[in-house]
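Chain by chain, the residues run as shown.
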Amino acid sequence: MTDALARYDRALAAFGERVHAVAPADWANPTPCTGWTVRDLVNHLTVEQLWVPHLLRGGTIPELGDELDGDQLGDDPVARWDDAAKEASADFGEVGALERTVHLSYGHTPALDYCREMTFDLTVHTWDLARAIGGDEKIDDDLVRAALVFVRPRVDELAESGLFSPPLAPPDDASALEQLLTLTGRRP
């Protein structure tokens with residue numbers, strides 16, 4: 001469990017580095033996520049982190065209703081990201097937090113699996129954000145390998161959900177990162 005938490009924290013930090021690198025003119029840039037700007041992408045991951053405290057405390061999605069819908073970034077998107085990431089990390093890091101069950105949109109899920117899902121999402125979207133702002137697209141190899149382990153059995157499910165584009169064929173000599181990107185419908 002400590003490996004999962006350490007990976008989550010590293011994924012938060014990697015995404016956060018890219019958030020801090022967003023120039024004022026970059027917020028409207030398109031991302032590899034169809035229809036999303038940089039602001040939309042950062043908002044998406046900020047909202048994901050904002051859900052963590054509620055879900056880890058046994059809350060359900062209907063209980064929050066539409067409270068986290070729409071733009072949650074306000075006038076200072078970087079500070080809003082930082083606050084959300086810090087709180088989510090602290091909540092995942094609480095003693096026993098990863099042993100709980102959370103209530104996600106698709107059903108009851110072990111919090112450990114939820115943490116791994118969040119790490120996967122952060123890892124892929126770190127690349128998306130880097131690509132959108134012309135930043136460093138290199139991703140920690142351990143995060144990429146863990147994301148591949150997470151996504152491989154779920155590729156069809158994710159494509160059907162509409163959350164990710166259908167998988168693409170990777171190049172013959174694809175690196176682990178290129179495999180991850182193509183499995184989630186991205187062109188490296």
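Calculation criteria
- Position labels on residues start from 1 in each chain and follow its written sequence.
- Predicted model: local features are reported for residues with pLDDT of at least 70 only, side-chain atom pairs are reported and counted for 80 or more only, and whole-chain, interface and lining totals are derived from all residues.
- Hydrogen atoms and water are omitted, and side-chain values are computed over all heavy atoms in the structure.
- By nonpolar core we mean a set of buried residues, namely Ala, Val, Leu, Ile, Met, Phe, Trp, Tyr and Cys, connected to one another through side-chain atoms within 4.5 Å.
- Residue burial is assigned from relative accessible area. The probe radius is 1.4 Å, only protein chains are included, and a residue is buried under 20% of its type maximum, exposed over 50%, and partly exposed in between.
- The numbering of helices and of strands both runs from the N terminus, where a helix is a DSSP run of H or I of at least 4 residues and a strand a run of E of at least 2.
- A contact between two residues is defined here by any heavy atoms of the two lying within 4.5 Å.
- Pairs of N or O atoms within 3.5 Å make up the polar contacts considered here, provided that, within protein, one atom can donate a hydrogen while the other can accept it, and that residues adjacent in sequence are counted only when both atoms are side-chain atoms.
- Any two strands with at least two DSSP bridges between them are considered paired.
- Without a salt bridge and with relative accessible area above 30%, a residue can belong to a patch; like charges are then joined within 9 Å and nonpolar side chains (Val, Leu, Ile, Met, Phe, Trp, Tyr) within 5 Å.
- Each accessible area is a Shrake-Rupley result for a 1.4 Å probe, and residues are judged covered by the shown protein chains and nothing else.
- The term salt bridge refers to a side-chain nitrogen of Lys or Arg lying within 4 Å of a carboxyl oxygen of Asp or Glu.
- Two residue types count as positive, namely Lys and Arg, and two as negative, namely Asp and Glu; His and chain ends fall outside the count.
- Charge positions are represented by NZ for Lys, CZ for Arg, CG for Asp and CD for Glu.
- Here an angle of 0 to 180 degrees is reported between the N-to-C directions of two axes, which are lines fitted to C-alpha atoms, with helices fitted over the stretch in contact.
- Under this scheme an angle from 65 to 115 degrees is roughly perpendicular, one under 35 degrees roughly parallel, and one over 145 degrees roughly antiparallel; angles in between are oblique.
- Any residue that is not Ala, Val, Leu, Ile, Met, Phe, Trp, Tyr, Cys, Pro, Asp, Glu, Lys or Arg is counted as polar, Gly included; the first ten are nonpolar and the last four charged.
- Centres within 6.5 Å make a pair out of two Phe, Tyr or Trp rings, where for Trp the six-membered ring is used; the pair is then stacked when the planes are under 30 degrees apart, edge-to-face when over 60, and tilted otherwise.
- When the NZ atom of lysine or the CZ atom of arginine is within 6 Å of a ring's centre and also within 35 degrees of its normal, the charge is said to sit over that ring.

Another aspect to go through is the nonpolar core. When a protein is soluble and globular, its nonpolar side chains tend to lie buried together. By size, the foremost hydrophobic cluster in this structure holds 58 residues, and its most contacted members are Tyr8, Phe92, Tyr114, Phe120 and Leu129. Among the elements of the structure, α1 (2–20), α2 (38–56), α4 (77–93), β1 (101–104), α5 (111–133), α6 (141–151), α7 (155–161) and α8 (176–183) are those that each provide at least two residues to this core. Tallying contributions element by element places α5 first for this core, with 12 residues.

What follows covers the environment of aspartate 136. Following the sequence through the fold, aspartate 136 ends up in the loop between α5 and α6. Residues within four places of aspartate 136 in sequence aside, it is in contact with Arg18 and Ala130. Looking at aspartate 136, its side chain comes within polar contact range of the main-chain nitrogen of lysine 138, at 2.9 Å.

Here we take up the pairing of strand β2 (residues 107–110). Here β1 runs beside β2; their pairing, made up of 4 bridges, is antiparallel. Across the sheet, residue threonine 101 finds its bridge partner in β2, namely proline 110. Between β1 and β2, which pair antiparallel in sequence order, lie 2 residues.

A word on a negative patch on the surface. A cluster of acidic side chains, namely Asp75, Asp76, Asp83 and Glu87, defines a negative patch on the protein surface. Relative to the helices and strands, glutamate 87 is located in helix α4.

Looking now at the packing of α5 against α8. Where α5 meets α8, the closest approach of the two axes is 11 Å, and the angle between their N-to-C directions is 100°. As judged from the angle between their axes, α5 and α8 are roughly perpendicular. Along the contact surface, α5 presents Phe120, Thr123, Val124 and Trp127, while α8 presents Leu177, Leu180 and Leu181. Of the residues belonging to the contact of α5 with α8, the class tally is 6 nonpolar, 1 polar and no charged.

What follows is about the packing of aromatic side chains. A full pass over the atoms with the stated rule returns 4 aromatic pairs. Between tyrosine 8 and phenylalanine 92, the ring centres sit 4.8 Å apart and the planes meet at 70°, which makes this aromatic pair edge-to-face. Of this pair, tyrosine 8 sits in helix α1 while phenylalanine 92 sits in helix α4; the two residues are 84 residues apart in sequence, bridging distant segments of the chain. The exposure class of tyrosine 8 is buried, given its relative accessible area of 0%. Phenylalanine 92 sits in the buried class, given a relative accessible area of 1%. Between phenylalanine 15 and tryptophan 81 the ring centres are 5.0 Å apart and the planes differ by 65°, which places this aromatic pair in the edge-to-face class. Linking phenylalanine 15 in helix α1 with tryptophan 81 in helix α4, this pair joins segments that are 66 residues apart in sequence. Aromatic ring contacts, followed pair by pair, group Tyr8, Phe92 and Tyr114 into a single cluster. Above the ring of phenylalanine 150, the side-chain terminus of arginine 154 is found at 3.9 Å from the ring centroid.

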